[in-house]
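The primary structure of each chain is shown beneath.
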Amino acid sequence: MDLQRRSGDDSLLARLRTLRSGVPGKIPWRMILPGAVISAFRMIFKLYPRRYSTDRTLADQVLRAFVLTVIPGADHDDPDLVRMYFDRDYPFYPYTAFLVFDLVRRSKRICAGSTFAELGREERTLVIEKALAANDTVARLYRGAMLMAQVSYYAGIYDPEKGCPLIDFPGMNAGFSRQEISYPNPAQYLPHQMSLDGNPP
Amino acid sequence: METLHTEVLVIGSGFGAAAPALRLARSGFEVLMIEKGPEIVPARDFRQTQDPQYLLRYIKSVRGDNVNYIYAEGLGGGSGFYESVSLRAPTIAFDQRDGAGTLMWPGSLSRERMNPYYEIAERMMCVSQLDVHDIPRSGLAFARLMKRLGYSVDRVPYSVRGCVGHSFCVAGCTSGAKVTVHKPYLAPACRAGMRIITGLEARRVRILRHDEPADSRLIAEVPYRYEVQCYDAARGSSLEVKAKILILAGGTVGTARLLLNSRAALPALSGEVGKNISVNGTVKSLGILPEDSIEGDMFTGLSHPGLISYEFLSSRGITISTSKPLPVDAVSYANIVIEGERRIPSWWGEAKVDMMKLYRRRAIVLYALGLTNPTASLRLRRGGEVVPQFSMGDDFRAYYQQTLALLHSILRRGGARVAHIRIIDAQGVEYDDLHTTTAHMTGSCRMGEDPSRAVCDASGEVFHYKGMYVTDGSAIPSALAVNPYLTILANAERVGDLLKCTYHSGRSERGHAETVYERESGIVPGHRRNRLHRYIRRAGIAPPQSPGESPRKRTPAIRRQPDR
C-alpha cells in the first residue's frame, strides 16, 4: 500500500509508517485499536493508495455507481451527479478519496474481487449496508455521503433550472397561473372558519 | 481605532430593528444601523435555489443537544426569508403564567393593548387575508382533511403583493412579491437620514459614566451613554461607536450573545440574559394523503399553504397548519419511513425514491405551534460564541408526545398514512432523544416587571441601563403559538413610539411623506392587486409603477460556476 506523500511533513510520515507497520513492537495495530479508530486514522492521515486521491476517472466511476445505488433511477449521464463530492465548498470533500477507497476495498472483499462500479445494484446495496453496519466512523462517512447525494440530487443544487425531474421538482420557474396553483371552486373544500380576519381569537 | 458618534445606534436590521429606526429617523434623530451580515438587495441577491451554499450565506444556526436555533444574517434580517405569515398572537398568549404562577408578559401588555401596533405593522407590511382563490393545492388538501373531521380552518393573512407562486419564499422572493423590511422601513428611514453599515458585528457594549441631567429629554443634552466595540470581519478592522440611545435588535441569539459578552462591562445586567427562551412548541408530522383525496402540490404557490386551524387553541394551546418544506429539508434533516413500508433500507434506495416521487402531490405536512414554557437558554462558550441548551422537562415531553399523537390521529382518521420522521444531524446520524429545530425562538432578554426575572421592562428599556432598549424577538417573553414576526414588529413599533415620546430631537420631522407602500396599502386590498399583477404578467407588459418607485430589476438566472 502506498502512503500519500505530503510535502514538508517527513517526520509525520515517519510516524505514520511506524503506525502502519504496527505499534507497539510487532503487534499489528489492528489488534489493539478498535475499527472506528483505525478508520479515523486512515481517513485523517490519508492511509490509502494515492491513486484514490488522484485518479478522477476511477473516483467518478465508483461514486456514480454509489449515487445510483442510493438513488435508483437517477440520471446516469447527469454531469453533476457526483460533483458535490469534489466541491471544496462542502465539508465532505476531504473524505471523498477515502470513500472511494473504502467502497472498492469492501466490494473486492465481499464480492470476490470485483470493483464497486462493476457490481449489480443488489450487490452494491449489500456493500453499502455492510459499511453502514461496520464501525461508527465508517457508518458516519457513508451516512454523510448518502445525505450529500440526496440533498444534491433531489434539490438540484447544481442546476437550479432543471430541478429534479425524477421527483417532478420543477426548480427555478417563472411562476404559475392560478389554475396551476389552486383548484376551481376552492370554497367547496373549506370548512367553517373561527375568525373574521384570519387572526386567532 | 476609528470612533463614530451617533444619537441612536440600532444593532440589527430585521423586524425588531426596522421599526424604531424608521420612527426615530423620521423624528429627526441621527440614527446609525449596523448589521453583522452582508448587504442584501432582494431584487439583486435572492435566488430560486435550494443550494446550501447560497442558503448558508444568510441562514445561520446554533446547535445544542436537544435544540437548533435558525436565524438569518443579512440586511433585513429574517424578513428576507420568512414565510409572510402575518398573524397576531392569540389573547391567551398574553395571559400565560410560568410555573410559579407569575404572568410572563408585563401586566400592562395584552392583545388589546397591542392591537393598535399590530394595525400599524399590518399596514406597513401590506398584510391582507389570503383570497380564497389563491389558496395553494396543499392548503386545500389540508382543508379537506380537516373538514372531513369537522374541524375549522382559517385563511391566513400574508404580507405579500402580487405573488406568482414560485414557492421559493424561504430562499428569498425573487419576484418582489413578498414584503420585506427593505422597502417599507429601511428605504424611508435612509431617506430620513439613517445610515446603514453592513458587515459590522457588535461585539461588546461598554457603559460611559457621566453625570446625566435628570430627565433630560432633548437628545442634544443627553450624553453619550454607551460605547459599542465593533468588528468588520471583511476588512479585519475594529471600530467603536458611541451612542446616546442604544437599540439592541440582533435577534434572540444575537442580542443575548452581545449582552453575555458584555457582562463584565455591564455588571448590573440581569442574570436572566440568555435564559427563558421559548421554542414555540414546534411539532411536525408528515403523512401520505389517501387515494380519494385531492392532490396537494409542494412545489407551487406560497411556501406556507395558506390555512391554519384554531380548533385546539383554547383546549390545548396549539394551532395547526400545513407546510411545504422543499426537498432539501425533507431529505437532509430527516430519515422518513412511511407506515407499513417493509422495504429495507427504507430511507435510501428504492423506497426513498418512491417516497420522494409521492412527495410533490401526495405528501402532507402538519405542524403544530404551541404555548410551551420558555425553558431553553443560551450559554456563553469560550471564544464568545453561544450554545443553546434545552432542559426538556417532563412537561415539554408530555406536550410533544400528546401533540404528535394528535397530529397522527388527524392524519389517520383522515385516511392518510403516517410517515415517521427521524431527525438526523449534519452527518446523517439520528438523534437519540427529542430534538427540535426552530426559527421561532423568542425571549432570551425578555420583558417583565421584575429585574430578577426579566432583562428589560415593559418599555423595552434594560433594567439599570438608561437608554438601552431591546426591541427584537429576545424581548418577547413567551411562546405565541403562531409565527412570531408580526408580534415582534408590533412590539418594536410600540417601543419606537415610546422612544419618540421619551426623547425629542429638537429638529423638524424628516422624510415623512408616506411611502409607496403606506399609500398603496390603504387603498387597494392585496388580493385585488395580486390579480392585477398576474394579469399584467400574463399579458407580457411592464407592471405599473407607483410615483417615486423605481422599476423593479429582473434578476437574471444565476448559475453556479463550474468546478473551481
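Residues numbered from 1 in each chain as written. Chains lettered and ligands numbered in written order. Predicted model: local features only at pLDDT ≥ 70, side-chain atom pairs only at ≥ 80, totals over all residues.

## Quick look at the overall build of chain B
- Each helix and strand in chain B was counted, giving 15 helices and 21 strands.
- Across the 564 residues of chain B, 55% fall into the buried class.
- Contacts in chain B between residues at least 24 apart in sequence constitute 77% of all its contacts with a sequence separation of at least 6. (Helix = DSSP H or I, 4+ residues; strand = E, 2+ residues; numbered from the N terminus. Buried ≥ 20, exposed ≤ 12 C-beta atoms within 10 Å, placed from the backbone. Contact = placed C-beta atoms within 7 Å.)

## Observations concerning the sheet that holds strand 20 (residues 436-438) of chain B
Residue and element names in this part refer to chain B.
- Taken in spatial order, the three strands make up an open sheet running 3-4-20, and their pairing is mixed. The strands lining the two open edges of the sheet, one partner per strand, are strand 3 (59-63) and strand 20. Across the sheet, the mean angle separating the axes of adjacent strands is 20° when strand polarity is ignored.
- Pairing of strand 4 (residues 67-72) with strand 20, which is carried by three bridges, proceeds in the parallel orientation. Counted as the bridge partner of Asn 68 is Thr 437 from strand 20. (Pairing = 2+ DSSP bridges. Axes fitted to C-alpha atoms, helices over the stretch in contact; angles between N-to-C directions.)

## Overview of the packing of helix 1 (residues 15-26) of chain B against helix 13 (residues 485-502) of chain B
Residue and element names in this part refer to chain B.
- Direction vectors running N to C along helix 1 and helix 13 enclose 30°, while the axes themselves pass 8 Å from each other. Between helix 1 and helix 13, the angle falls in the class roughly parallel. The interaxial crossing formed by helix 1 with helix 13 has right-handed handedness. Along the contact surface, helix 1 presents Phe 15, Gly 16, Ala 19, Pro 20, Arg 23 and Leu 24, while helix 13 presents Tyr 485, Ile 488, Leu 489, Ala 492, Glu 493, Val 495, Gly 496, Asp 497, Leu 499 and Lys 500.
- Among the residues making up the contact of helix 1 with helix 13, the classes are represented as 10 nonpolar, two polar and four charged. (Parallel < 35°, antiparallel > 145°, perpendicular 65-115°, else oblique. Left-handed = near helix turned anticlockwise from the far one by under 90°. Nonpolar A, V, L, I, M, F, W, Y, C, P; charged D, E, K, R; others polar.)

## Quick look at the interface of chain B and chain A
- Taken together, the contact pairs 63 residues of chain B with 52 residues of chain A.
- Where the side of chain B that touches chain A is concerned, the elements lending two or more residues are helix 3 (52-58), helix 6 (137-148), strand 6 (154-155), helix 10 (327-332) and helix 11 (350-362) of chain B.
- Tallied by class, the residues present in the side of chain B that touches chain A amount to 30 nonpolar, 18 polar and 15 charged.

## A short note on the sheet that holds strand 12 (residues 283-288) of chain B
Residues and elements named next belong to chain B.
- With antiparallel pairing, the seven strands of this open sheet are ordered in space as 6-13-14-16-12-19-15. Unpaired on one side and paired on the other, strand 6 and strand 15 (334-338) mark the two borders of the sheet.
- Of the strand pairs in this sheet, strand 6 and strand 13 (residues 307-309) are connected by two bridges, and their pairing is antiparallel. Paired with Asp 154 across the strands is Ile 308, a residue of strand 13.
- Relative to strand 16 (residues 363-370), helix 11 is tilted by about 70°, and along the sheet it contacts strand 12, strand 15 and strand 16.
- On the sheet, helix 12 (residues 394-413) packs against strand 12, strand 14 (318-323), strand 16 and strand 19 (417-423) and is oriented at approximately 20° with respect to strand 12.

## Points about unusual backbone geometry
- Here the phi dihedral of A:Asn185 falls at roughly 50°; this positive angle occurs in a residue that is not glycine.
- Examined against the element boundaries, A:Asn185 turns out to sit in the segment after helix 9 (178-181).
- The phi torsion at B:Ser84 lies on the positive side, around 75°, for a residue other than glycine.
- By the secondary structure assignment, B:Ser84 is in the loop between strand 4 and helix 4 (91-94).

## Quick word on the confidence of the model for chain B
Residues and elements named next belong to chain B.
- Of the residues in chain B, 88% reach a pLDDT of 70 or more, and the chain-wide mean stands at 87.
- With pLDDT under 50 throughout, residues 513-564 is counted as low confidence; its partners more than four residues away or in other chains account for 54 contacts.
- Reported confidence for the predicted complex is 0.85 by ipTM and 0.86 by pTM. (pLDDT = per-residue confidence, 0-100.)

## So, the domain arrangement of chain B
Residues and elements named next belong to chain B.
- The domains assigned to chain B are domain 1 (1-96 + 109-126 + 162-274 + 445-556) and domain 2 (132-160 + 282-370 + 393-433).
- Contact residues are listed per partner, giving 25 residues for domain 1 and 23 residues for domain 2.
- Here the element with the most residues in the side of domain 1 that touches domain 2 is helix 15 (residues 526-539); it accounts for three residues. (Domains from an automatic or database assignment.)

## A closer look at the confidence of the model for chain A
Residue and element names in this part refer to chain A.
- Predicted confidence across chain A gives a mean pLDDT of 81, with 81% of residues reaching 70 or more.
- Across chain A, the secondary-structure element scoring lowest on mean pLDDT is helix 1 (residues 10-21), at 40, and the one scoring highest is helix 5 (residues 56-70), at 94.
- The low-confidence segment residues 1-29 (pLDDT under 50) makes 22 contacts with residues lying over four places distant or belonging to another chain.

## Considering the nonpolar core
- The biggest cluster of nonpolar side chains holds 208 residues, and the ones touching the most others in it are A:Val100, B:Leu9, B:Val10, B:Ala21, B:Val31 and B:Ile247.
- It is helix 8 (residues 136-155) of chain A that provides the largest number of residues to this core, a total of 12 residues.
- For this core, the two domains that each supply at least three residues are domain 1 (1-96 + 109-126 + 162-274 + 445-556) and domain 2 (132-160 + 282-370 + 393-433) of chain B. (Core = buried A, V, L, I, M, F, W, Y, C linked by C-beta atoms within 7 Å.)

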